[in-house]
Amino acid sequence: NFAGLVQEAAACGEEALLFVAPKSVDGKRPAPLVVLLQGLGCGPRSEVQYWLPAADKLGMVIVAPRAVTKVGSIMYGWQRTGAKDSTAQDYFDIDAAGKRIDEAIVQAKRKFTIDDDRSCLPPVKPAARMRLAMAFADRVATSSSESRKR
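Cut-off values and rules
- Residues numbered from 1 in each chain as written.
- Predicted model: local features only at pLDDT ≥ 70, side-chain atom pairs only at ≥ 80, totals over all residues.
- Heavy atoms only, no water.
- Salt bridge = Lys/Arg side-chain N within 4 Å of Asp/Glu carboxyl O.
- Buried < 20%, exposed > 50% of the residue type's maximum accessible area, 1.4 Å probe, protein only.
- pLDDT = per-residue confidence, 0-100.
- Helix = DSSP H or I, 4+ residues; strand = E, 2+ residues; numbered from the N terminus.
- Contact = heavy atoms within 4.5 Å.
- Polar contact = N/O pair within 3.5 Å; in protein donor to acceptor, adjacent residues only side chain to side chain.

Asker: Would you take a moment to explain the pattern of salt bridges for this structure?
Answerer: Side chains that differ in charge, positive against negative, can pair when their charged atoms come close. In the structure shown here, the tally under the stated rule is 3 salt bridges. Residue D116 pairs with K109 through a salt bridge whose shortest N-O separation is 3.0 Å. We classify D116 as buried; its relative accessible area is 15%. Two residues, D115 and R118, come together in a salt bridge whose shortest N-O distance is 2.8 Å.

Now the structure itself:
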């Protein structure tokens, strides 16, 4: 029904973190983790649909954090507040994005048994988000290697 769709859309607008674990994820065995970054004006769910077949086939857990900067009534992005030029070196709010990505990984590890050796932050498009993903690609690997040291 329409009212239900409106409620669901409103809930998605407030969603700060999305977890997806297909039926193929075996809770008794560590699963790979994929951290997906949304695009500008999208929400955490925007990229998930493209990864569902792979997640199901490979038994991957997906975590998708909402971007950090509110840029409209329902739009969020990874850029600094007021940043306009996506080609500028300081376009992204790296500190805030890093905290959001780290928290997403921590929350995923609280909810699921994660295989740190098979966790990743995949490349994304467009080029601006690709730069952001590259800035944090080592963060996922570092998080994984740190947990192995403990």
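Asker: Before we go on, may I ask you to explain the confidence of the model for the protein chain in this structure?
Answerer: The predicted coordinates of low-pLDDT regions are not to be read in fine detail. Predicted confidence across the protein chain gives a mean pLDDT of 80, with 75% of residues reaching 70 or more. Ranking the helices and strands of the protein chain by mean pLDDT puts strand β3 (residues 61-65) first, with 93, and helix α4 (residues 127-149) last, with 54. Predicted confidence is poor over residues 142-150, with pLDDT under 50, and the contacts of this stretch with residues over four places away or in other chains come to 9 contacts.

Asker: Hey, could you run me through the environment of T87 in this one?
Answerer: Following the sequence through the fold, T87 ends up in the loop between β5 (76-77) and α3 (94-111). Here T87 falls in the exposed class, since its relative accessible area comes to 60%. Separated by 2.5 Å, the side chains of T87 and D85 make a polar contact.

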